[in-house]
Amino acid sequence: MGSQGGFYQSKEFLDLVKSIGEARSKAEEDRIVLGEIETLKRRISEPDIPKRKMKEYIIRLVYVEMLGHDASFGYIHAVKMTHDNSLLVKRTGYLAVTLFLNEDHDLIILIVNTIQKDLTSDNYLVVCAALNAVCKLINEETIPAVLPLVVELLAHPKEAVRKKAIMALHRFYQKSPSSVSHLLSNFRKRLCDNDPGVMGATLCPLFELITIDVNSYKDLVMSFVSILKQVAERRLPKAYDYHQMPAPFIQIKLLKILALLGSGDKQASENMYAVVGDIFKKCDSSSNIGNAVLYECICCVSTIYSNPKLLEFAADAISRFLKSDSHNLKYMGIDALGRLIKISPEIAEQHQLAVIDCLEDPDDTLKRKTLELLYKMTKSTNVEVIVDRMIDYMININDNHYKTEIASRCVELAEQFAPSNQWFIQTMNKVFMHAGDLVNTKVAHNLMRLIAEGFGEDDDTDSQLRSSAVESYLHILGESKLPSVFLQVICWVLGEYGTADGKYSASYITGKLCDVAEAYSSDETVKAYAVTALTKIYAFEIAAGRKVDMLPECQSLMEEFLASHSTDLQQRAYELQAVIGLDAHAVESIMPSDANCEDIEVDKNLSFLTGYIQDSIENGAQPYIPENERSGMLKISNFRNQDHHETSAHSLRFEAYELPKQTVQSRIPLTSLASTEIVPVPEPIYVREIYQTTTVPSASSDAGSTELKLRLDGVQKKWGRQTHSPATSTSSSTSQKTDNGITQVDGSNTSNSRTLETYDSRKQQVEITPEKQKLAASLFGGSSKSEKKPATGHKISKPSSHIVERSHVRKSSLEIASEKKASIQPPPDLLDFGEPTVNSAAPSVDPFKELEGLLEPTTQVDSAENHGSTAAATKSPDIMGLYTETPAGIYNKDDSDILSGLSNPPVRNMLGGTRSMQVAQSSKGRNLKNSLEKDALVRQMGVTPSSPNPNLFKDLLG
Amino acid sequence: MGIRFILMVNKQGQTRLAQYYEWLTLEERRALEGEIVRKCLARNEQQCSFVEHRNYKIVYRRYASLFFLVGVDNDENELAILEFIHLLVETMDRHFGNVCELDIMFHLEKAHFMLDEMVMNGSVVETSKANILSPIQLMEKAS
């Protein structure tokens, strides 16, 4: 078994490994390891253990820890082993130490000395072993102990040492950037190292440095480009080849760096176009590693200043990924698509069906990635479908981490693109109900604010929003357990607006609130919200001049709260009691109806104190000296309270004792008081006296500053983020009603004519299930629509104008780029061995393109039954009309079935309008079998990437 | 930092090698290994070789009875990591000749030495098999 020599192994060790290997269960394994721990504890501290035996014990300790048991009893022996003279034993010692200890472990201090000694060893392998340990064990405090030695090693004759030294420096930079800030030039120097290994390693720290500070490294663009060029031209030693690709890992690292440097920098990017294009052509798309490099090229192209030719290459590569049978490639394709749509949004459309397949794939990883893509391509026209999908997915997973993430994405999208108030409320309800307390409380507060402020269009829609919220909440309260955060929102909204539209009586709403408080009696926050809501309802009643009859259950609840252990609840209950006893006028001024959006006036100048201050000054008090006019010797915070300034006066001070002049100046007005002290010690007196004389003003300055913050919060702000589309997030349902249809046409119209052609030709021979088509239509703007109304696209509708504008901008920038490109077309490269460029230069010849139509239908064969619901998306403009007329809160629980849920609103209104579409659909259905056969043929022809060397692991496989 | 950890686990879920590039306590390691091994072992051959787990991704590859799992940051090139795993296996294969689970078990330290040559500070630093193996061969000769 393996070579012997220095790696000598005793029978005992072999038996241990064997028994671990044969363990049938975790319990059995644990038993073996526990026995082993006992043996080791006994043996390892015996005197005079031979080196080899000791090394073996240490490896057994590594096993113990690897299998999840504590081996700390033996750490010290591993530390001792690092002192050994034998290289192998020493390195094993270092290995064990790096596996056992973290950088803050107490034993590290015992190793630093050994490391120092080893770093100066004549044997370069010893130096390497020590450098490995440096990378794992040295922390911020111990960096100075080894830093000079490491820096010296950067010029070591052995490339292996230089490589590890550069990585040690990298590690120091990660741990404490300031410790090596004067040494960063070394990374640049090592980039030009003769040895490709050292150069390759140097790319790692450089990547990190460039991520942090791009601008300082712009001068290296040409160096990176020329290195990448050389790598791609196979100038590196053969040893770096991997599966016929020249140094692919170095290529990938370089592409990552170029992406950083070229981002938003036209000039830098132009220098990269040639080499990146070259790599696109040279990559072997039949191997995994070739595709890995291709993927990195796509990432690079989508980050740097865009170039139409490269974008075309990238788009081609993406379609190859998406059409592959390999799930890995599909995953990469979806990810790459998500990057590219940022610059060319139209590309998504030609892959719509592939995307939908991925979305419906049973593979969870692929599905998540696709949802991420959808999240990136959401706009006002498809937000409903996408958010519904996301919520459906969210409901079905248990992973809280991802649930939280997807919930926050749903909220973000809903806030940005909500087509209507009702939809927004219902979506938020779903998110809250299913993601429960995972939702950030900020989201809840945002929701309350939205309901209070409305969309700011007009009072009618705002009150409609509130009524629909109240209605849906009353409905939801009937359901079983709701999350606390959501209940808080519900209570608040019911309190503010429960009786606002006069639809519900005060006693009905208060009854509901009491129910909540009783049903969730263990949740104090909810109860507090409920009491306050009750207070508001009663206050509004009294203010409106109606007589208040407290329900019996409410009364008993109040009695309970008045005696509550929670002082907060008590306080609220007493407040409620007090409010009820007041007359209408008083109540109205305490609790004005619908005033939660009013700014609370804050008198920042605290003018009401002026009289008081005047009096004090007349009585001999010192006037307030503003902070910026005070001496710079003490922190402002020291003035804030007595305790603080006293401790700070006694603690160590790091500022120099200077600026005596200023101190004297500020003390001048204090002389009368200071002279009462026998020994004038400058600072404490200064501090205390200032403090005493200025108590009132400084307190008021404090109050002023905090009030200032409060006020910023209170300033009316539009809720939600509006970065993408100020028009859509605030758009009213009325404007949507008229514009939606055109919006979708716009979406499809941004694609170039070629895509339309491929669609048309595909239509003739390919059957696509109606559900898919519909989903595609609602996600991407619909391929069927592009046929129906090809010419209407130039009317720019309001909600979609941003999309259109963006694409125009992009186009024009591309034009510029292409002009530029033409002028700086790289000279014919002598070293380019005329790689088969046909593939990318003439994409129309691409076999994949031709097969495109055939590949699609296979996974969608399942059924073509549901013709009825097709093309519903074409009707989507009317959804808004429906929404505005339908009473809110009728969100139908039964719609959870994905497809009907998706199409629910459209289905409802398509009863009349789509018979002609049905005919069209059923006529397309005939080719199903035909296309299936073709697909099988395609697969036979072998679009699948070849698998790695099958003979390599004969032993493993056998 | 791209790579957070490298694990080798057999199909019974038993750890055969573990190397972390950020410090985790014994309990954290145990829990993490349990979670991700369960996730990865439950997947079939057709599914992606990538799994999202908390805030990072696992790229895994199976060779006979042994799974190689690499935890990476979210912006890492998954396919490249997949091929990195293969490179590691090819390297071990060159050294041991038809490497198998037992080779790694009996020569745990050598497997670690190879990894230490290939990955430092969570980045891939060496991909030439000759460079990776030469220190190990020299050490063998010397002792």
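The preceding data block contains the structure.
The structure displayed is predicted, hence computed values, not measured ones.

Things to note about the overall build of chain A
And step 1. Regarding its fold elements, chain A presents 50 helices and zero strands.
And step 2. By the burial criterion, 53% of the 958 residues in chain A qualify as buried.
And step 3. Here chain A displays about 43800 Å² of accessible surface, and carbon together with sulfur accounts for 54% of that area.

Points about helix α25 (residues 459-476) of chain A
All names here are of chain A.
And step 1. Between the first and last C-alpha of α25 there are 25 Å, a value that for 18 residues agrees with the 26 Å anticipated at 1.5 Å per step.
And step 2. Within the sequence span of α25, burial applies to T461, D462, L465, R466, S468, A469, V470, E471, S472, Y473, L474 and I476.
And step 3. Elements that come into contact with the buried residues of α25 comprise α23 (421-435), α24 (441-453), α26 (484-497) and α27 (506-519).

Brief notes about the interface of chain A and chain B
And step 1. Between chain A and chain B, the residue contacts involve 86 residues of the former and 73 residues of the latter.
And step 2. Interface area for chain A against chain B, summed over the two sides, is near 7200 Å², with a carbon-plus-sulfur share of 58%.
And step 3. One can count seven salt bridges joining chain A with chain B.
And step 4. Across the pair K55 of chain A and E109 of chain B runs a salt bridge, and its minimum N-O distance is 3.1 Å.
And step 5. Taken together, the residues of the side of chain A that touches chain B break down into 44 nonpolar, 21 polar and 21 charged.

What about the environment of V79 of chain A?
Residues and elements named next belong to chain A.
And step 1. With respect to the helices, strands and loops of the structure, V79 is situated in helix α4 (residues 75-81).
And step 2. Judged by relative accessible area, V79 falls into the buried class, the value being 2%.
And step 3. Once the C-alpha coordinates of V79 and I111 are considered, the two residues, 32 residues apart in sequence, prove to be 6.6 Å apart.
And step 4. When sequence neighbours within four positions are dropped, the list of residues in contact with V79 reads V97, L101, L107, L110 and I111.

Considerations on the pairing of strand β3 (residues 50-53) of chain B
Residues and elements named next belong to chain B.
And step 1. Covered by surrounding structure in β3 are F50 and E52 together with V51 and H53, the residues of both alternating faces.
And step 2. Of the pairings in the sheet, the one linking β3 to strand β4 (residues 56-63) comprises four bridges and is antiparallel in character. Considered in β4, the bridge of E52 is made with K57.
And step 3. In textbook terms, the turn of a hairpin is the stretch between consecutive antiparallel strands, and for β3 and β4 this stretch comprises two residues, one of which, R54, has a positive phi near 50 degrees.

Notes on the packing of helix α20 (residues 364-376) of chain A against helix α22 (residues 400-417) of chain A
All names here are of chain A.
And step 1. Two elements in contact, α20 and α22, have axes whose closest approach is 11 Å; the angle formed by their N-to-C orientations is 20 degrees. By the angle between their axes, α20 is roughly parallel relative to α22. Every pair of crossing elements has a handedness; the one defined by α20 and α22 is left-handed. In contact with R368, L371, E372 and Y375 of α20, α22 contributes Y402, I406, R409, E412 and L413.

Some words on the sheet that holds strand β1 (residues 3-10) of chain B
Residue and element names in this part refer to chain B.
And step 1. Pairing within the open sheet is antiparallel, and its five strands lie in the order β2-β1-β5-β4-β3. Both edges of this open sheet fall to β2 (15-20) and β3, since each of them pairs with a single strand only. Mean inter-strand twist for the sheet, computed between neighbouring axes without regard to direction, equals 20 degrees.
And step 2. Sheet topology places β1 next to strand β5 (residues 66-72); seven bridges connect them, and they run antiparallel. The partner of L7 across the bridge, within β5, is L69.
And step 3. Where helix α1 (residues 26-41) meets the sheet, it contacts β1, β2, β3, β4 and β5, and its direction lies at approximately 140 degrees from that of β3.

Thresholds applied
Sequence positions are assigned chain by chain, starting from 1 and proceeding in written order. For this description, chains carry letters from A and ligands carry numbers from 1, given in the order in which they are written. Since the coordinates come from a predicted model, pLDDT governs what is reported: local features require at least 70, and pairs of side-chain atoms require 80 or more to be given and counted, while whole-chain, interface and lining totals use all residues. The side-chain quantities take in all heavy atoms of the structure and omit both hydrogens and water. Segments assigned H or I by DSSP are reported as helices when at least four residues long, segments assigned E as strands when at least two residues long, and all are numbered from the N terminus. Think of it in three bands: with a 1.4 Å probe and only protein chains considered, a residue is buried below 20% of the maximum accessible area for its type, exposed above 50%, and partly exposed in between. The protein chains shown are the only cover counted for residues, whose accessible areas, like all others here, come from Shrake-Rupley with a 1.4 Å probe. Helices are assigned an expected span. That span is 1.5 Å times one less than the residue count. Here, residues are in contact when the closest pair of their heavy atoms is within 4.5 Å. Two parts lose some accessible area (1.4 Å probe) when they are put together, and adding that loss for both gives the buried area. Salt bridge criterion: a side-chain nitrogen from Lys or Arg within 4 Å of a carboxyl oxygen from Asp or Glu. Amino acid classes used here: Ala, Val, Leu, Ile, Met, Phe, Trp, Tyr, Cys and Pro are nonpolar; Asp, Glu, Lys and Arg are charged; the rest, including Gly, are polar. Should DSSP find at least two bridges between two strands, the strands are regarded as paired. To obtain each axis, a line is fitted to C-alpha atoms, and for helices this fit is confined to the stretch in contact; angles are then taken between N-to-C directions over 0 to 180 degrees. What sets the label is the angle itself: under 35 degrees gives roughly parallel, over 145 gives roughly antiparallel, 65 to 115 gives roughly perpendicular, and the rest give oblique. Crossing chirality is assigned from the near helix's rotation relative to the far helix, an anticlockwise turn below a right angle marking it left-handed and a clockwise turn marking it right-handed.

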